[in-house]
Amino acid sequence: MITLCLQDAEEVRYLLEQLKNHGHFYQQVISERLNVSVAVKEGREREGIEFLKGQVKKIILEKNRIAYWTRVLARDFFFLDPLERRQIIEMAEMILKGKRKDVPVKVALSEEEKLIEETLDEWLANRQPLSLKALAAFRLKDYFKKLDLLIETAIDEYKLEQEYQSFIQCLREYLNGRTPKMEKIYLSHDEGFRLFDGEGRELKRSDLQRLLDRKLLVNFPVYVDSMILAPLLSIAPERILLFTADPEQGIVQTIKSIFEEKLTVYPLSAFLLLKGKDFT
């Protein structure tokens, strides 16, 4: 028999459910409190052991990780709202998987995954009972330090995201209260931004300064870019046609978030074709 001591009833429930769904591998499965013992059918040893190993790895590397982060968020950082915790954990998972290129923190768990793999192989070879609690306490200390770094980074990113969304909402409300000074603006984004009115005339800095709402810079002195965001918000055009080669750039995304359906994005090459023709 192969015996595993799990850490809580949810882990037991999950493992038993998975073993039941693959019962053709197992002669017997016994559950007593937090202990689960498994006998693999003769002739199905390889498949049965590999499946069991995979599920235990999933419990350690996925389910335990999420449970650990959930406890830490509530206990150490006082995030008591389940939705907030879920959003922060999703952020941590994205950072771990390298999906947040803007976050400088890089954490690799390859060494810990290798250690877990070796520990499980040893357990399955020797058939000695394995305690996940003891494994976490004595062999995975560095793993949990990395999880702490990930969740702390995710909290910082979550707070920045909340501040950003609040900022965007304030600018949307400002925009909705403005009377449009122009019907249409053409916005070219290459190495920098250039603004053109609906007739195709470029708006020089003096034009933009004349159109600028000074109250906007007073109310948002740090966050509003005076070279592009402030003029666009002050003009409050009914339509913006943005031509860019980099639609994923941060400032472009901010413009999209503020102006929403008023903004249409085109490739920069379309603007180069448009120049010299009738802009309207």
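Preceding block: the structure.
A brief structural summary. If you're wondering where the values come from, they're calculated on a predicted model, not measured in any experiment.

Here we look at the side chain of Asp-213
Examined against the element boundaries, Asp-213 turns out to sit in the loop between α7 (205-211) and α8 (214-219). A polar contact of 3.2 Å, which involves the side chain of Asp-213, links it to the backbone nitrogen of Lys-215. With sequence-adjacent residues up to four places away left out, Asp-213 is seen in contact with Tyr-174, Arg-178 and Ser-234.

Observations concerning the pairing of strand β1 (residues 2-5)
In regular strands, side chains alternate between the two faces of the sheet. Of the pairings in the sheet, the one linking β1 to strand β3 (residues 35-40) comprises four bridges and is antiparallel in character. By the bridge assignment, Thr-3 is partnered in β3 with Ser-37. Here β1 runs beside strand β4 (residues 130-131); their pairing, made up of two bridges, is parallel. Paired with Leu-4 across the bridge in β4 is Leu-130.

Observations regarding the sheet that holds strand β8 (residues 263-267)
The mixed open sheet is built from four strands, whose spatial order is β6-β5-β7-β8. Where the open sheet ends on each side, the last strands, each with one partner, are β6 (193-197) and β8. Along the sheet, successive strands turn relative to each other by an average axial angle of 20 degrees, direction set aside. Where strand β5 (residues 184-189) lies against strand β7 (residues 239-244), six bridges are found, and the strand directions are parallel. In the sheet register, Tyr-186 faces β7, and the bridge partner there is Leu-241. Packed on one face of the sheet, helix α10 (residues 250-259) meets β5, β6, β7 and β8 and runs near 150 degrees to β8.

Focus: the sheet that holds β1
An order of β2-β3-β1-β4 is seen for the four strands of this open sheet, with the pairing classed as mixed. On the outer flanks of this sheet lie β2 (26-32) and β4, each paired with one strand and no other. Pairing of β2 with β3, which is carried by six bridges, proceeds in the antiparallel orientation. Residue pairing in the sheet places Ile-30 in a bridge with Ser-37 of β3.

Focus: helix α1 (residues 9-21)
Spanning 13 residues, α1 covers 18 Å between terminal C-alpha atoms, matching the ideal 18 Å at 1.5 Å per step. Within the sequence span of α1, burial applies to Glu-11, Val-12, Tyr-14, Leu-15, Gln-18 and Leu-19. Seen end-on, α1 carries its buried residues on one side only, within an arc spanning 165 degrees. Opposite its buried face, α1 presents the exposed residues Ala-9, Lys-20 and Asn-21, each directed more than 90 degrees away. Turning to α1, the residues buried within the fold contact β1, β2, β3, α2 (45-75) and α5 (132-139). If you check the start of α1, you find a side-chain oxygen 3.1 Å away from the backbone N of Glu-10, and it comes from Asp-8.

Here we look at helix α4 (residues 110-126)
With 17 residues, α4 extends 24 Å from end C-alpha to end C-alpha; this agrees with the ideal 24 Å at 1.5 Å per step. For α4, the set of buried residues is Glu-112, Ile-116, Thr-119, Leu-120, Trp-123 and Leu-124. Along the axis of α4, the buried residues cluster in a sector spanning 130 degrees; they form a single face. Away from the buried face of α4 by more than 90 degrees, exposed residues Glu-111, Lys-114 and Ala-125 are located. Where the residues of α4 are buried, they touch β1, α2, β4, α5 and α6 (141-176). Immediately downstream of α4, the backbone of Arg-127 shows phi near 60 degrees, a positive value.

A closer look at the pattern of salt bridges
Inspection of every chain in the model, using the stated rule, returns 17 salt bridges. The residue Arg-100 makes a salt bridge to Asp-102 at a minimum N-O spacing of 2.9 Å. Residue classification places Arg-100 among the buried residues on the basis of a relative accessible area of 17%. Between Lys-146 and Glu-112 there is a salt bridge, with the nearest N and O atoms lying 3.3 Å from each other. Here Glu-112 lies in helix α4 and Lys-146 lies in helix α6, a separation of 34 residues in the sequence. For Glu-112, a relative accessible area of 7% gives the class buried. Several salt bridges converge on common partners, so that one network encompasses Lys-53, Lys-57, Glu-117 and Asp-121.

Regarding the nonpolar core
Grouped together as the largest cluster of nonpolar side chains are 50 residues, with contacts concentrated most on Leu-52, Trp-123 and Leu-132. Secondary structure elements with two or more residues in this core: β1, α1, β3, α2, α3 (82-96), α4, α5 and α6. Among the elements that take part in this core, α2 stands out by supplying eleven residues, more than any other. Excluding residues within four positions of it along the chain, Trp-123 makes contact with Ile-2, Thr-3, Leu-4, Leu-52, Val-56, Gln-128, Pro-129 and Leu-130. The next biggest cluster of nonpolar side chains, apart from the first, holds 29 residues, and it includes Tyr-174, Ile-228, Ile-235 and Leu-242.

Conventions we followed
Residues numbered from 1 in each chain as written. Predicted model: local features only at pLDDT ≥ 70, side-chain atom pairs only at ≥ 80, totals over all residues. Heavy atoms only, no water. Helix = DSSP H or I, 4+ residues; strand = E, 2+ residues; numbered from the N terminus. Polar contact = N/O pair within 3.5 Å; in protein donor to acceptor, adjacent residues only side chain to side chain. Contact = heavy atoms within 4.5 Å. Pairing = 2+ DSSP bridges. Axes fitted to C-alpha atoms, helices over the stretch in contact; angles between N-to-C directions. Expected span 1.5 Å × (residues − 1). Buried < 20%, exposed > 50% of the residue type's maximum accessible area, 1.4 Å probe, protein only. Arc of directions from axis to C-beta. Salt bridge = Lys/Arg side-chain N within 4 Å of Asp/Glu carboxyl O. Core = buried A, V, L, I, M, F, W, Y, C linked by side-chain atoms within 4.5 Å.

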